[in-house]
Amino acid sequence: MTAAPPHVVRVCVVGSGGREHALAAVLGRTADVVVTPGNPGMAGTTPEGHTITVTAEPPEAIEADLYVIGPEAPLVDGLADRLRAAGRRVFGPGADGARIEGSKAFMKELLAEAGVPTARFGSFDEVGPALDFLRSLPGPWVVKTDGLAAGKGVLVTDSLAEAEADVAAKLSGSSFGDAGRTVVVEEGLIGEECSLLVLCDGTRLAPLAPARDFKRVGDGDTGPNTGGMGSYSPLAEVDDALVDRLVDEAVAPLLPVLAARGIDYRGVLYAGLMLTDSGPKVLEFNVRFGDPETQVVLPRYDGDLTALLAEVADGRLTTRPRFVDDAAVCVVAAAPGYPEVPRTGDPIDGLDAVDDPAVRIFHAGTRMDGGRLVTAGGRVLGITALAPTVAEARRRAYAATERISWPGMVHRTDIAERAAGGAAPTHREETVG
Ligand code: AMP
Ligand code: GLY
């Protein structure tokens, strides 16, 4: 028998957003956590007595038993490879696996090879052929940048003219720089979306609880795409049997395709799925935890997340993750101007006025300025509540959101509204007219 792998007492989380705050909080139930570069909302002592510290030191300079890399950019850049080469235990794919998210064209190639259902698509670096293909599709139309654009490089539209103009703008480099030098043109899929985060230790898969996020900036799914304006979990229409089917049809077929390329994928495969009339189809794969999905999925985790992610890092994933029955709803509060040009530097008020023990406030774009907490990014806070029903979690998340403010603060008012049975958030209960 081989010796048991060393017990994790200290975890290093890489990143500074709401996802990393949620990771730190839940890892901090069972281990001390150090976050780099982190944000001012993270530091402290967890209810279980573990410390969460924030440092500007690079991950390579931090001693930890497990490294959890949050965002896609350092993964694409090979941080997991560099840490592994130095003998560290890492949750997160190497640069080879991270290309799944780093290049949509590569992801589509893998899906085609694996036989995973996805939207019809073509990838182009010249305007003429891109427009020809676009015009051959029935609509709605989807135009994506090939490279990373933080979830914002996607246009979904019912207007062919708008799609045509977007192809030209992206390919000229004027809208997304080099990330847009290759565009993916796709048929628009219609249905309900589901974010399924699936742990992968190289050979085995284990799904986390399904979640839904709200990508458009405005109520009623209007306005441009963002990184995500809110989320909830679980989804009533995605039960355990459907989760298993989604894993079998959409994720498992990738394993042999990755193996054939010599990719030892240890981390999370995030399947963005559309549940269409003709069955589930993959919109995208990401190589990291979804944000804000993580802010509703991980607080519901009913187990030792540190041990679970260590199993993944070690290639010995045997735990089937379990989740509490309580629902979680997250409302993202964003800076004015998000997603285009968020204004930052505004003082944040009201955090102390939130006293509901069911609410967790995850910081994303915040920083300290002369002893004052100010906005420092597009998405500023994720306000998450856990309660026995989606309706109750939603009511509490919105009640907390109403207490927080800064000049121009923006949030959607319809996060999880349909799942909650259509109940309006408290502040919208006035009648108009
Ligand atoms: P992506 O960056 O590929 O994840 O796309 C971001 C979001 O755009 C998705 O979560 C969907 O809301 C939307 N989207 C992407 N591709 C499609 C598609 N083929 N049909 C409909 N919506 C899409
Ligand atoms: N919530 C979407 C994402 O993390 O990409």
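The model shown is predicted, which means the values in this text are computed figures rather than measured ones.

## Concerning helix H11 (residues 305-314)
Line of reasoning, step 1. Most of H11 sits inside the fold, with eight of its 10 residues counted as buried.
Line of reasoning, step 2. Buried within H11 are the following residues: Leu-305, Thr-306, Leu-308, Leu-309, Ala-310, Glu-311, Val-312 and Ala-313.
Line of reasoning, step 3. Buried residues belonging to H11 abut strand S1 (10-15), helix H1 (18-27), strand S5 (66-69), strand S6 (90-91), strand S11 (192-201) and strand S17 (266-276).
Line of reasoning, step 4. At the N-terminal boundary of H11, the capping side chain belongs to Asp-304, with an oxygen 3.1 Å from the backbone nitrogen of Thr-306.
Line of reasoning, step 5. After H11 finishes, the residue Gly-315 shows a positive phi value of roughly 70°.

## Thoughts on the pattern of salt bridges
Line of reasoning, step 1. All chains considered together, the criterion is met by 31 salt bridges.
Line of reasoning, step 2. With a shortest N-O distance of 3.6 Å, Asp-77 and Arg-82 are connected by a salt bridge.
Line of reasoning, step 3. Taking relative accessible area as the criterion, Arg-82 reaches 40% and is therefore assigned partly exposed.
Line of reasoning, step 4. The shortest N-O distance in the salt bridge between Arg-412 and Asp-221 comes to 3.0 Å. Separated by 191 residues along the polypeptide, Arg-412 in the segment after helix H12 (390-403) and Asp-221 in the loop between strand S14 (216-218) and strand S15 (222-225) bring together distant segments of the chain.
Line of reasoning, step 5. The exposure class assigned to Arg-412 is buried, which follows from its relative accessible area of 1%.

## Brief notes about the packing of aromatic side chains
Line of reasoning, step 1. All chains considered together, the criterion is met by four aromatic pairs.
Line of reasoning, step 2. Their ring planes at 10° and their centres at 5.6 Å tell us that Phe-91 and Phe-289 sit as a pair that is stacked. With Phe-91 in strand S6 and Phe-289 in the loop between strand S18 (279-286) and helix H10 (293-297), the pair connects residues that are 198 residues apart, well separated along the chain. Take Phe-91 and Phe-289: they sit in the same class, and that class is buried.
Line of reasoning, step 3. Relative to Phe-133, the ring of Phe-124 lies with its centre 5.6 Å away and its plane at 40°, an arrangement referred to as tilted.
Line of reasoning, step 4. Residue Phe-133 is classed as buried on the basis of its relative accessible area of 19%.
Line of reasoning, step 5. We note Arg-99 situated over the ring of Phe-106; from NZ or CZ to the ring centre the distance is 4.1 Å.

## Regarding the site of ligand 2
Line of reasoning, step 1. Taken together, Asp-213, Lys-215, Gly-227, Tyr-270, Asn-286, Arg-288, Gly-290, Asp-291, Pro-292 and Glu-293 make up all the residues around ligand 2.
Line of reasoning, step 2. Interatomic distance of 2.6 Å between a side-chain N/O atom of Asp-213 and a nitrogen atom of ligand 2.
Line of reasoning, step 3. A distance of 2.9 Å separates a nitrogen atom of ligand 2 from a polar backbone atom of Asp-291.
Line of reasoning, step 4. Within the complex, the protein chains bury 93% of what would otherwise be the 200 Å² of accessible surface of ligand 2.
Line of reasoning, step 5. Split by residue class, the shell around ligand 2 holds two nonpolar, three polar and five charged.

Parameters at a glance
Residues numbered from 1 in each chain as written. Chains lettered and ligands numbered in written order. Predicted model: local features only at pLDDT ≥ 70, side-chain atom pairs only at ≥ 80, totals over all residues. Heavy atoms only, no water. Buried < 20%, exposed > 50% of the residue type's maximum accessible area, 1.4 Å probe, protein only. Helix = DSSP H or I, 4+ residues; strand = E, 2+ residues; numbered from the N terminus. Contact = heavy atoms within 4.5 Å. Polar contact = N/O pair within 3.5 Å; in protein donor to acceptor, adjacent residues only side chain to side chain. Salt bridge = Lys/Arg side-chain N within 4 Å of Asp/Glu carboxyl O. Phe/Tyr/Trp six-rings, centres within 6.5 Å; stacked < 30°, edge-to-face > 60°. Lys NZ or Arg CZ within 6 Å of the ring centre and 35° of its normal. Near = heavy atom within 4 Å. Areas by Shrake-Rupley, 256 points an atom, 1.4 Å probe, with all protein chains shown as cover. Nonpolar A, V, L, I, M, F, W, Y, C, P; charged D, E, K, R; others polar.

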